[in-house]
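# A closer look at the structure
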Amino acid sequence: MGRRATITGWGTYLPDRVLTNHDLEHMVETSDEWIVARTGIRERRLAAPTETTTAMAAAAARQALATAGLGPDQLDLVIVATVTPDTLMPSTASLLQAELGASRAGAFDLAAACSGFVYALAVGAQFIAAGTAQTVLVVGVDALTRWVDFSDRSTCVLFGDGAGAVVLQATTADEGILSTVLGSDGTGAWSLYIDGFRELLSANGATPPKRPYMRMKGSEVFRFSVRVLGEAALEAIQQAGLQPQDIDLFIPHQANLRIIDAAAKRLGLPMEKVWVNIDRYGNTSAASVPICLAEAADAGALKPGMNVVLVAFGAGLAWAASVVRWGWQGVPGREAG
Ligand code: ACO
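Values in this document were obtained by computation on a predicted structure and should not be read as measured data.

On to the site of the ligand, then. Around the ligand sit 27 residues in total, of which Thr 30, Arg 38, Cys 114, Asn 256 and Ala 315 are the nearest. The side chain of Trp 34 places a nitrogen or oxygen atom 3.5 Å from an oxygen atom of the ligand. If you list the elements that add at least two residues to the shell around the ligand, you get helix 2 (32–39), helix 6 (153–156), helix 8 (218–239), helix 9 (257–267) and strand 12 (307–314). Broken down by class, the residue content of the shell around the ligand amounts to 14 nonpolar, nine polar and four charged. Counting only domains with at least three residues in the shell around the ligand, you end up with domain 1 (4–173) and domain 2 (178–275 + 287–325).

Encoded structure:
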């Protein structure tokens, strides 16, 4: 067996403030029935000003280190997947590295929107497989509600904030990251983007004409994601030398329950094998897949030897999938989560 990365720690952070569909009914022309029927979302979390991207990442990372039974000084690398950093410079990963005291670690951000965590997992796993790192922290964190126009009903009902983190360590056992698939189709870039940036940059110190906000052509993204979620998952399953029926748990990006349903059908997986929490958190972008993974691990839904598919899609347009064989047996004398 070659050298692989395996997941040994996990953690999450979700802001306290809950924004329900009923709250949104007072903000835009919408209804709880419409949102539940079209998306599966009932409520989402909103980051307070003190719940910065770095603070949410640090809270999830500390839990992940504790689950793994490791100290921050044991990390070789910190990768933060985010498109909503607290500032463009320095990176969130460097801010996080300082916050944790991970003094030995290199640190960088990775921007692939909702696919960011699965992209970052693939990158971290490569560093470990190549032997250039032993222990890597991978965080998916976003605060997209800071970029949502709360007068635009076609986007404001969809998104929420949060963070999820995992610790990757080297193993020679038959477990860990078995395959990774990365994809992008930049011709669809303007289906989902933050507008007003060109105006902001060309204002050259003058007051820009408008504040940048996220914009989305929902039905274009919907058609793309229904196709790509199933295809990317299938490719990762085949690359791992497996069949869909070998998959014990399917963890898709939580953007829309109808997209998740379609992908599960495509793979012939019953919904009991699909992790869904979109009703509680909405679309948390890069945080969505690691939050699901951590919830599943804490709920005892993951047993050693189980094959898990992680798959995500989003702005880029971009997508990523990975098959992970769960290996966590438990640090002696410690409980998960
Ligand atoms: N409440 C009530 N009505 C609404 C709302 C709302 N919140 N939003 C749109 N509508 C209306 C529309 O105006 C439209 O009305 P019309 O028929 O009179 O024109 C009608 O509902 C239907 O609109 P559609 O856009 O066709 O609705 P659809 O069934 O496609 O659902 C949705 C819209 C939920 C946005 C869907 O297209 C979707 O989920 N798309 C994918 C989005 C996604 O996954 N984005 C995240 C990518 S991840 C990342 O990187 C951030």
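So much for the structure itself; the text now carries on.
Per the stated rule, a full pass over the model turns up zero disulfides. No disulfide involves Cys 156; its sulfur sits 16 Å from the nearest other cysteine sulfur, which is in Cys 114.

Attention now goes to the packing of helix 8 against helix 9. Axis separation between helix 8 and helix 9 bottoms out at 9 Å; the angle between their running directions is 40°. With respect to their mutual orientation, helix 8 and helix 9 come out oblique. For the pair helix 8 and helix 9, the sense of crossing is right-handed. When helix 8 is examined against helix 9, the residues Phe 222, Ser 225, Val 226, Arg 227, Leu 229, Gly 230, Glu 231, Ala 233, Leu 234 and Ile 237 are found in contact with a partner set consisting of Arg 258, Ile 259, Ala 262, Ala 263, Arg 266 and Leu 267. In terms of residue class, the contact of helix 8 with helix 9 is built from ten nonpolar, two polar and four charged.

Glancing now at the sheet that holds strand 13 (residues 318–325). One key point about sheets: their strands pair by backbone hydrogen bonds, in either a parallel or an antiparallel sense. Here four strands make up an open sheet; going across it, the order is 8-13-12-11 and the pairing mixed. Pairing within the sheet leaves two strands with one partner each, and these edge strands are strand 8 (176–184) and strand 11 (249–252). Taking the axes of each pair of neighbouring strands and ignoring which way they run, one obtains an average angle of 10° across the sheet. Here strand 8 pairs with strand 13 via eight bridges, running antiparallel. Paired with Ile 177 across the two strands is Val 324, which belongs to strand 13. Docked against the sheet, helix 11 (residues 288–298) engages strand 11 and strand 12, running at close to 150° with respect to strand 11.

A few words now on the confidence of the model for the chain. Per-residue confidence for the chain averages 94 on the pLDDT scale, and 97% of its residues sit at or above 70. pLDDT under 50 marks residues 331–337. Its contacts with residues more than four places away, or in other chains, come to twelve contacts.

On to the packing of aromatic side chains. Aromatic ring pairs are reported here in terms of the distance separating the ring centres and the angle at which the planes meet. Under the criterion given, the structure shown has five aromatic pairs. Put simply, the rings of Phe 224, Phe 313 and Trp 319 pair up and form one aromatic cluster.

Interfaces are often sized by the amount of accessible area the parts lose when they come together. The domain boundaries assigned to the chain delineate domain 1 (4–173) and domain 2 (178–275 + 287–325). Of note, the centres of domain 1 and domain 2, computed from C-alpha atoms alone, are 14 Å apart. Tallying the contact residues gives 39 residues for domain 1 and 37 residues for domain 2. When domain 1 packs against domain 2, close to 2900 Å² is buried across both sides, 70% of that on carbon and sulfur atoms. Interface area lost by domain 1 to domain 2 is led by Val 118, Tyr 119 and Trp 147, which between them contribute 22%.

Let us look at the side chain of Asp 149. Relative to the helices and strands, Asp 149 is located in the loop between strand 6 (135–143) and helix 6. Since its relative accessible area comes to 12%, Asp 149 is described here as buried. Among the polar contacts made by the side chain of Asp 149, one reaches the side chain of Ser 151 at a distance of 2.7 Å. Among the polar contacts made by the side chain of Asp 149, one reaches the side chain of Arg 215 at a distance of 3.1 Å. Among residues more than four places away in sequence, those in contact with Asp 149 are Thr 155, Cys 156, Tyr 213 and Arg 215.

A sheet is described by the order of its strands in space; here five strands give the open sequence 1-7-6-4-5, paired in mixed fashion. Each edge of the open sheet is held by one strand with a lone partner, namely strand 1 (4–13) and strand 5 (106–110). Geometrically, the sheet is characterised by an average inter-axis angle of 20° between neighbouring strands, direction not taken into account. Pairing geometry for strand 4 (residues 77–81) and strand 6, over five bridges, is parallel. Its bridge partner lying in strand 6, Ala 81 is registered against Gly 140. Relative to the sheet, helix 4 (residues 92–100) contacts strand 4, strand 5 and strand 6, its axis offset from that of strand 5 by approximately 140°. Across the sheet, helix 5 (residues 116–129) is in contact with strand 1, strand 4, strand 5, strand 6 and strand 7 (161–171); its angle to strand 7 comes to roughly 20°.

What counts as what
- Residues numbered from 1 in each chain as written.
- Predicted model: local features only at pLDDT ≥ 70, side-chain atom pairs only at ≥ 80, totals over all residues.
- Heavy atoms only, no water.
- Near = heavy atom within 4 Å.
- Polar contact = N/O pair within 3.5 Å; in protein donor to acceptor, adjacent residues only side chain to side chain.
- Helix = DSSP H or I, 4+ residues; strand = E, 2+ residues; numbered from the N terminus.
- Nonpolar A, V, L, I, M, F, W, Y, C, P; charged D, E, K, R; others polar.
- Domains from an automatic or database assignment.
- Disulfide = S-S within 2.5 Å.
- Axes fitted to C-alpha atoms, helices over the stretch in contact; angles between N-to-C directions.
- Parallel < 35°, antiparallel > 145°, perpendicular 65-115°, else oblique.
- Left-handed = near helix turned anticlockwise from the far one by under 90°.
- Contact = heavy atoms within 4.5 Å.
- Pairing = 2+ DSSP bridges.
- pLDDT = per-residue confidence, 0-100.
- Phe/Tyr/Trp six-rings, centres within 6.5 Å; stacked < 30°, edge-to-face > 60°.
- Buried area = accessible area lost by both parts, 1.4 Å probe.
- Buried < 20%, exposed > 50% of the residue type's maximum accessible area, 1.4 Å probe, protein only.

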